[in-house]
Amino acid sequence: MSARGVVLLVEDDDALREAFVGALGEGGFRVASVPDGRAAIRWLGEHIRPALILLDLWLPGMDGWELREEIARHAHLRDIPIIVVTAVPNQTAELLDVRAVLEKPVTVPQLLETVTRFI
């Protein structure tokens, strides 16, 4: 594992998930990716604690809002930095109780700078 730890990417769009994994990997991050909130909960229960979570809001099944609430219920998870990456307008870090919000489309430099800031 890299010294920076693992970034857990929760994104249902296959092409975007692949692009983010590639960009983060090029930036020196180790990335685990899952397509929805339920898969993220399973991943969190089965693996080491990630250094950061990148979270889409519109997800099938358990959406990003529900996942954020579920994470907040667990003392050992609630302080993991979460960055929301969304096309939903007017979302703020304060409103969502996360570290940052990136509005899609996101540039690679914007993504890497924001992730680096919170790891």
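This text goes with the structure placed above it.
Every value quoted in this text rests on a predicted model; they were computed, and no experiment measured them.

*Asks:* Would you explain the overall build of the protein in this entry?
*Replies:* When helices and strands are counted, the protein shows five helices and five strands. Counting from the amino terminus, the protein carries its helices and strands in the arrangement β-α-β-α-β-α-β-α-β-α. Against the compact-globule benchmark of 14 Å for 119 residues, the protein has a radius of gyration of 13 Å, which places it among compact chains. C-alpha atoms of the protein, sized along the principal axes, occupy 35 × 30 × 25 Å. Residues counted as buried form 45% of the 119 residues belonging to the protein. Summing over all exposed atoms, the protein offers an accessible surface of approximately 6,200 Å²; the carbon and sulfur share of this is 52%. On the protein, the mean spot of the 12 positive side-chain charges and the mean spot of the 18 negative ones are 7 Å from each other.

*Asks:* Got a minute to help me understand the sheet that holds strand 4 (residues 82-86) in this structure?
*Replies:* Within a beta sheet, neighbouring strands are joined by backbone hydrogen bonds and run either parallel or antiparallel to one another. Taken in spatial order, the five strands make up an open sheet running 2-1-3-4-5, and their pairing is parallel. Each edge of the open sheet is held by one strand with a lone partner, namely strand 2 (30-34) and strand 5 (100-103). Recorded for the sheet is a direction-independent mean angle of 20° between the axes of neighbouring strands. Across four bridges, strand 1 (residues 6-10) lies against strand 3 (residues 52-55) in parallel orientation.

*Asks:* Please explain the nonpolar core as it appears in this structure.
*Replies:* Note on soluble globular proteins: their nonpolar side chains tend to be buried together. Counting 24 residues, the largest nonpolar core has Leu8, Val10 and Ile53 as the members making the most contacts within it. A total of four residues in this core trace back to one element, the largest contributor, which is helix 2 (residues 37-46). Formed by 16 residues, the second largest nonpolar core is a distinct cluster that contains Leu9, Leu54, Ile83 and Val106.

*Asks:* What's the story with the side chain of Glu11 in this structure? I'm lost.
*Replies:* Tracing the backbone through its elements, the reader meets Glu11 in the loop between strand 1 and helix 1 (14-26). The exposure class of Glu11 is buried, given its relative accessible area of 2%. A polar contact is formed between the side chain of Glu11 and the side chain of Lys104, at a distance of 3.0 Å. The residues touching Glu11, leaving out its near neighbours within four places in the chain, are Leu16, Arg17, Val34, Pro35, Asp56, Leu59 and Lys104.

*Asks:* Would you take a moment to explain the packing of aromatic side chains for this structure?
*Replies:* Remark: the centre distance and the inter-plane angle together describe each pair of aromatic rings, the angle taken between the planes. In total, this model carries one aromatic pair according to the counting rule given. Taken together, a centroid distance of 5.1 Å and an interplanar angle of 80° make the contact between Trp58 and Trp65 edge-to-face. For Trp58, a relative accessible area of 55% corresponds to the exposed category. Its relative accessible area of 26% is what places Trp65 among the partly exposed residues.

The rules we used
- Residues numbered from 1 in each chain as written.
- Predicted model: local features only at pLDDT ≥ 70, side-chain atom pairs only at ≥ 80, totals over all residues.
- Heavy atoms only, no water.
- Helix = DSSP H or I, 4+ residues; strand = E, 2+ residues; numbered from the N terminus.
- Rg over C-alpha atoms; globule rule 2.2 N^0.38 Å.
- Buried < 20%, exposed > 50% of the residue type's maximum accessible area, 1.4 Å probe, protein only.
- Areas by Shrake-Rupley, 256 points an atom, 1.4 Å probe, with all protein chains shown as cover.
- Lys, Arg positive; Asp, Glu negative; His and termini not counted.
- Charge placed at Lys NZ, Arg CZ, Asp CG, Glu CD.
- Pairing = 2+ DSSP bridges.
- Axes fitted to C-alpha atoms, helices over the stretch in contact; angles between N-to-C directions.
- Core = buried A, V, L, I, M, F, W, Y, C linked by side-chain atoms within 4.5 Å.
- Polar contact = N/O pair within 3.5 Å; in protein donor to acceptor, adjacent residues only side chain to side chain.
- Contact = heavy atoms within 4.5 Å.
- Phe/Tyr/Trp six-rings, centres within 6.5 Å; stacked < 30°, edge-to-face > 60°.

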